[in-house]
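Survey of secondary and tertiary structure
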Amino acid sequence: MVSMLAKAFSEAMNNPALRFADSSADLIVIRSAMMAYLDRNDYEYTDEEVENYIKEQFAKINESLKDFSYGSKIMF
């Protein structure tokens, strides 16, 4: 079963305001979007719980992408 935090994170990551260039700005955008989603669905989490979840997910994303390089390889 997918947790509400996972659903909120998934929706927040689709926000067009994300640029992945400024991690502190992205954290604010994602946290705000997640809190709005959770409020709409009557779930209560603290800012700290949401931020920790975001950081965990970013760590997983960064770990999975660490050996991926797109720009340095030309594929024909």
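The structure contained in this document is the topic of the report that follows. (Residues numbered from 1 in each chain as written. Predicted model: local features only at pLDDT ≥ 70, side-chain atom pairs only at ≥ 80, totals over all residues. Heavy atoms only, no water.)

In terms of nonpolar packing, the biggest core is built from 15 residues, with Leu5, Phe9, Ile30, Met34, Leu38, Val50 and Ile54 touching the most fellow members. Put simply, the parts of the chain that give this core at least two residues each are helix 1 (4-12), helix 2 (23-40) and helix 3 (47-65). If we skip the residues at most four places from it in the chain, Met34 touches Leu5, Ala8, Phe9, Ala12, Val50, Tyr53 and Ile54. (Core = buried A, V, L, I, M, F, W, Y, C linked by side-chain atoms within 4.5 Å. Buried < 20%, exposed > 50% of the residue type's maximum accessible area, 1.4 Å probe, protein only. Helix = DSSP H or I, 4+ residues; strand = E, 2+ residues; numbered from the N terminus. Contact = heavy atoms within 4.5 Å.)

Let us look at the packing of helix 1 against helix 3. Their axes nearest at 11 Å, the elements helix 1 and helix 3 cross at an angle of 70 degrees. Of the possible angle classes, the one that applies to helix 1 and helix 3 is roughly perpendicular. Of the two possible hands of crossing, helix 1 and helix 3 adopt the one that is right-handed. Contacts between helix 1 and helix 3 pair Leu5, Ala6 and Phe9 from the former with Val50, Tyr53, Ile54, Gln57, Phe58 and Ile61 from the latter. (Axes fitted to C-alpha atoms, helices over the stretch in contact; angles between N-to-C directions. Parallel < 35°, antiparallel > 145°, perpendicular 65-115°, else oblique. Left-handed = near helix turned anticlockwise from the far one by under 90°.)

Going through the model one piece at a time under the given rule, you end up with three salt bridges. Of the charged contacts in the structure, one is a salt bridge between Glu51 and Arg31, with a shortest N-O distance of 2.4 Å. Taken together, the residues span a long stretch of sequence, with Glu51 in helix 3 and Arg31 in helix 2 at a distance of 20 residues. Ionic pairing is found between Lys66 and Glu63, a salt bridge with its closest N-O pair at 2.9 Å. Given a relative accessible area of 62%, Lys66 falls into the exposed group. Overall, Glu63 belongs to the partly exposed group, its relative accessible area being 48%. (Salt bridge = Lys/Arg side-chain N within 4 Å of Asp/Glu carboxyl O.)

Between helix 1 and helix 2, whose axes approach to 8 Å, the crossing angle comes to 130 degrees. When the axis of helix 1 is compared with that of helix 2, the two are oblique. The chirality of how helix 1 crosses helix 2 is right-handed. For the pair formed by helix 1 and helix 2, the contact residues are Met4, Leu5, Lys7, Ala8, Phe9, Glu11 and Ala12 on the first element and Ile30, Ala33, Met34, Tyr37, Leu38 and Arg40 on the second. Looking at the contact of helix 1 with helix 2 residue by residue, the class counts come to 10 nonpolar, no polar and three charged. (Nonpolar A, V, L, I, M, F, W, Y, C, P; charged D, E, K, R; others polar.)

Honestly, that's just the spatial picture; any functional story needs more than this.
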